Every structure is written in structure tokens, then in C-alpha cells.
Protein chains: 2
Amino acid sequence: MISNSPAILGPVTTTDVRDCSIARTLEVVGEKWSLLAVRELMLGSDRFEEIVRRTGAPRDILTTRLRKLEAHGLVEREPYQDRPVRHRYRLTALGWSLAPVLTMLRDWGDTHLVGPEGPPVTLRHTCGELLRPRIHCAACGEAVTSRDLEVVTDGTSDRG
Amino acid sequence: MISNSPAILGPVTTTDVRDCSIARTLEVVGEKWSLLAVRELMLGSDRFEEIVRRTGAPRDILTTRLRKLEAHGLVEREPYQDRPVRHRYRLTALGWSLAPVLTMLRDWGDTHLVGPEGPPVTLRHTCGELLRPRIHCAACGEAVTSRDLEVVTDGTSDRG
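Just so you know, these numbers come straight off a predicted model, no measurement behind them. (Residues numbered from 1 in each chain as written. Chains lettered and ligands numbered in written order. Predicted model: local features only at pLDDT ≥ 70, side-chain atom pairs only at ≥ 80, totals over all residues. Heavy atoms only, no water.)

Draft legend 1. Expanded view of the pairing of strand E3 (residues 121-125) of chain B. Of all 5 residues in E3(B), 4 are buried; the element is thus mostly enclosed. Two elements, strand E5 (residues 149-153) of chain A and E3(B), share 5 bridges in a ladder whose sense is antiparallel. Within E3(B), the position partnered with A:Glu150 by the bridge is B:Arg124. (Buried < 20%, exposed > 50% of the residue type's maximum accessible area, 1.4 Å probe, protein only. Helix = DSSP H or I, 4+ residues; strand = E, 2+ residues; numbered from the N terminus. Pairing = 2+ DSSP bridges.)

Draft legend 2. The pattern of salt bridges, seen in detail. Counted under the stated rule, the structure contains 26 salt bridges over all chains. For B:Asp16, the salt bridge identified is with A:Arg53, shortest N-O distance 3.3 Å. Placement of the pair is B:Asp16 in the segment before helix H1 (21-29) and A:Arg53 in helix H3 (residues 48-55), with the two residues belonging to separate chains. Looking at B:Asp16, the relative accessible area reads 11%, which means it is buried. Look at A:Arg53 and you get partly exposed, because its relative accessible area is 27%. Taking the shortest distance from any N to any O, the salt bridge between B:Arg88 and B:Asp46 comes out at 3.3 Å. (Salt bridge = Lys/Arg side-chain N within 4 Å of Asp/Glu carboxyl O.)

Draft legend 3. Expanded view of the packing of aromatic side chains. Taken as a whole and assessed by the stated rule, the structure comprises 0 aromatic pairs over all chains. Above the plane of the ring of A:Tyr80 lies A:Arg47, whose end atom (NZ or CZ) is 4.2 Å from the centre. (Phe/Tyr/Trp six-rings, centres within 6.5 Å; stacked < 30°, edge-to-face > 60°. Lys NZ or Arg CZ within 6 Å of the ring centre and 35° of its normal.)

Draft legend 4. Here's a closer look at helix H3 (residues 48-55) of chain B. Residues and elements named next belong to chain B. Among the 8 residues that make up H3, 6 are buried, leaving the element largely enclosed by the rest of the structure. At its buried positions, H3 is contacted by helix H2 (34-42), helix H4 (59-71) and strand E2 (86-91). One or two residues past the end of H3 sits Gly56, with phi positive at roughly 80°. (Contact = heavy atoms within 4.5 Å.)

Draft legend 5. Up close: the interface of chain B and chain A. Tallying the contact residues gives 83 residues for chain B and 83 residues for chain A. The interface formed by chain B and chain A holds 6 salt bridges in total. Among the salt bridges present, the one from B:Lys32 reaches A:Glu27, with a minimum N-O distance of 3.9 Å. Across the chain B-chain A interface, the total number found is 30 residue pairs in polar contact (both at pLDDT 80 or more). Mapped by element, the contributors of at least two residues to the side of chain B that touches chain A are H1, H2, H3, helix H5 (93-96), helix H6 (99-112), E3, strand E4 (133-137) and strand E5 (149-153) of chain B. Top contributing element to the side of chain B that touches chain A by residue count: H6(B), with 12 residues. Split into classes, the residues belonging to the side of chain B that touches chain A amount to 41 nonpolar, 18 polar and 24 charged. (Polar contact = N/O pair within 3.5 Å; in protein donor to acceptor, adjacent residues only side chain to side chain. Nonpolar A, V, L, I, M, F, W, Y, C, P; charged D, E, K, R; others polar.)

Draft legend 6. Main features of the relation of the copies chain B and chain A. Each copy of the sequence occupies a distinct position, and chain B is placed on chain A by a rotation of 180° and an axial shift of 0.0 Å, giving an RMSD of 0.0 Å. Both copies of the chain, as the preceding transformation shows, are related through a two-fold rotation axis. Ranked by how close their C-alpha atoms come to the rotation axis, the residues of chain B are headed by B:Ile135, at 2.4 Å. Comparing interface residues between copies, 100% of those in chain B also sit at the interface in chain A, which points to an isologous, same-surface contact. (Least-squares fit on C-alpha atoms with pLDDT ≥ 70 in both.)

Draft legend 7. The confidence of the model for chain A, seen in detail. Residue and element names in this part refer to chain A. Across chain A, the average pLDDT comes to 88, with 86% of residues at or above 70. Mean pLDDT across the elements of chain A bottoms out in E5 (87) and peaks in helix H5 (residues 93-96) (98). In this model, residues 1-9 is a region of pLDDT below 50 whose contacts with residues beyond four sequence positions or in other chains number 3 contacts. The model gives residues 155-160 a pLDDT under 50, and that stretch makes 18 contacts with residues more than four places away or in other chains. (pLDDT = per-residue confidence, 0-100.)

Draft legend 8. Here's a closer look at the nonpolar core. The biggest cluster of nonpolar side chains holds 72 residues, and the ones touching the most others in it are A:Leu98 and B:Leu98. Contacts of A:Leu98, omitting those with residues within four sequence positions, involve A:Val29, A:Leu35, A:Val38, A:Met42, A:Leu74 and B:Trp108. (Core = buried A, V, L, I, M, F, W, Y, C linked by side-chain atoms within 4.5 Å.)

Draft legend 9. Structural context of unusual backbone geometry. Residues and elements named next belong to chain A. A cis amide bond links Arg83 to the next residue, Pro84, at an omega of -5°. Among the secondary structure elements, Pro84 is positioned in the loop between strand E1 (75-81) and strand E2 (86-91). In this structure, Trp33 takes a positive phi of about 85° despite not being glycine. Take Trp33: it is sitting in the loop between helix H1 (21-29) and helix H2 (34-42). In this structure Trp33 comes out as buried when scored by relative accessible area, which is 16%.

Draft legend 10. Structural context of the environment of B:Arg77. Residue and element names in this part refer to chain B. Here Arg77 is to be found in strand E1 (residues 75-81). The spacing of Arg77 and Ser34 is 43 residues in sequence and 15 Å in space, taken between C-alpha atoms. Non-local contacts of Arg77, meaning those with residues more than four positions away in its chain, are made with Arg67, Glu70, His87, Arg88 and Tyr89. Here the side chain of Arg77 touches Glu70 through a polar contact of 2.9 Å, side chain to side chain.

Structure below.
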């Protein structure tokens, strides 16, 4: 009866779980190795063995992750050899649209997880400077911080 | 002997794995439920039971994730009750610095995983418009796309 006791917390129902685009995105790319596979494809690796080697992912798990990315339309696969059949992988436009997510993951690591030797890789912007990415508002163009944002939920207030 | 056969791929050594800030960041927050716990703390939940309820995370796994976030300095815990001891959780400044990562994960889901009913939650910028986040270069202020970036590796070219 404990799990149904309203005296403590009320009954837990599935509607208590917040429906949110972050959770939905993580359902697609949040499993271990998925985003590293996407990174590797962005950096030019296109063969399974190369992605294994550069990410360190276990082969069977990477196979599953690539199939899932393909099923969701982020990755395309084409055969480049017949016997045995081998495939080349590449990102679709949808896959490439994850670049801002990876840019911000990279920036967090560059900022907080890097010693005096500096980041293992940096990105140079066409302006000539190394990229320090900042989030701006598309509407007004201004830089955005958490303090500038108000959470807007729908009428039920149970989504977020 | 297959795993050591240089005829196929050459020996796989740990130095083949790309050292990269994305991988380092995912080592800290890339496990399932970690980023959703951070989201929940950003949205104001501060008790374990509330985070369980709003994320749907299994209790034992969430406990492990929160301890890891605490060990890495992203989360602080303070007791608010003695018998039994219960804790309140809150993000540190380091934890809050993940906001841009979550903003971009949210934006990807808003853009690609939302039906005609619209996003379950939106953020309003102080300018009055709903936030559509864009990455800009801190140096020149311009909006950045993948095409504007060049990957710079160090001399070994094995890091990325």
C-alpha cells in the first residue's frame, strides 16, 4: 500500500512526469555513445570501424545506436563494398542540426574540464577567433542568460 | 589473435580514442537521468521525491546520479529534516552553467519532435518574444553555423 499512499506524496501517475522537449530529445540521442557517434560523423569519420576506434564504443552497442539514429532520420547508410557488405555512414540535415547541442557540450567541457594544456580541440570561427559560443535570442539578437528567461507552461501547468 | 590482427585495422590502442571536451562532459552528465535531474532543479524542484516524480527516474539510479553530480560540484545538498534525514538539492553555479546545453537540447526537441500542439513548455525572453536560441561568436557577435567553423587540432592531430 505504500506506493499508493496519498499521505506521503500522493499517487504517482504517469502524468506527473513532465512532458518536455529536453526529455524527448534525450530519448533519441541521450543514450551513451549516440552523441559521440554524431560528433565523429561531424568530424569526418564515416566507417563503422573508424567510429568504434575514435569513440571507444563497444561494437554491439554502437551498432544499436547507429540503427536508432538511422531510424530517427539522423543518419544515412550506404553500402560501399559488396563482399562482405560494408556501409558508409553520414549525417542527414537532421543529424547536422544537432551541432548546437554538441557545441554547447564542448564549450562546457572546454570551460570546466580542461587543464592548463588547453582544450584538446578548438573550433575557429570565420572571423578568425577561436569560437566561444554564446546563446542569443533570435528575435532581438541579444545575448541570453538564465536570468533573462521566464518559463511559460500551458494551462495545465503540468508540462514543463 | 583476431583482436590483435594489424591486417584488418591495426591494433586498437587507447590513444586512438579521441580526447575531446564533448566526451569529457558526457562522462559527467551523459548518463541517463542526469540532465533531466539538472532540468528539474532548474525548474525549481528541490526534493528527491519531486525529482523522481517529475522525471520518472528509478529511485536508486537517481540517487546515484545526484551523488555523482554532487561529487563533481554541480549539485549541493542540505538537510531540511532530521528524523528521518531528508535533503534539499540545489544547483551550484557550475550546475547552472549547463543551462546552454539544456537550452539547445530543448530547442532541438521543440523544432523536430513537437506536433501541431506546440512545445510542452516555452521560455520567454525579456524582450517579450518566445526564445528561439541561436549560437553567436563571442568575439565578433555574429551568428554561427557549422559551415563557419574550422576544426583546429593540436600537433598530434589525434585529438579532436
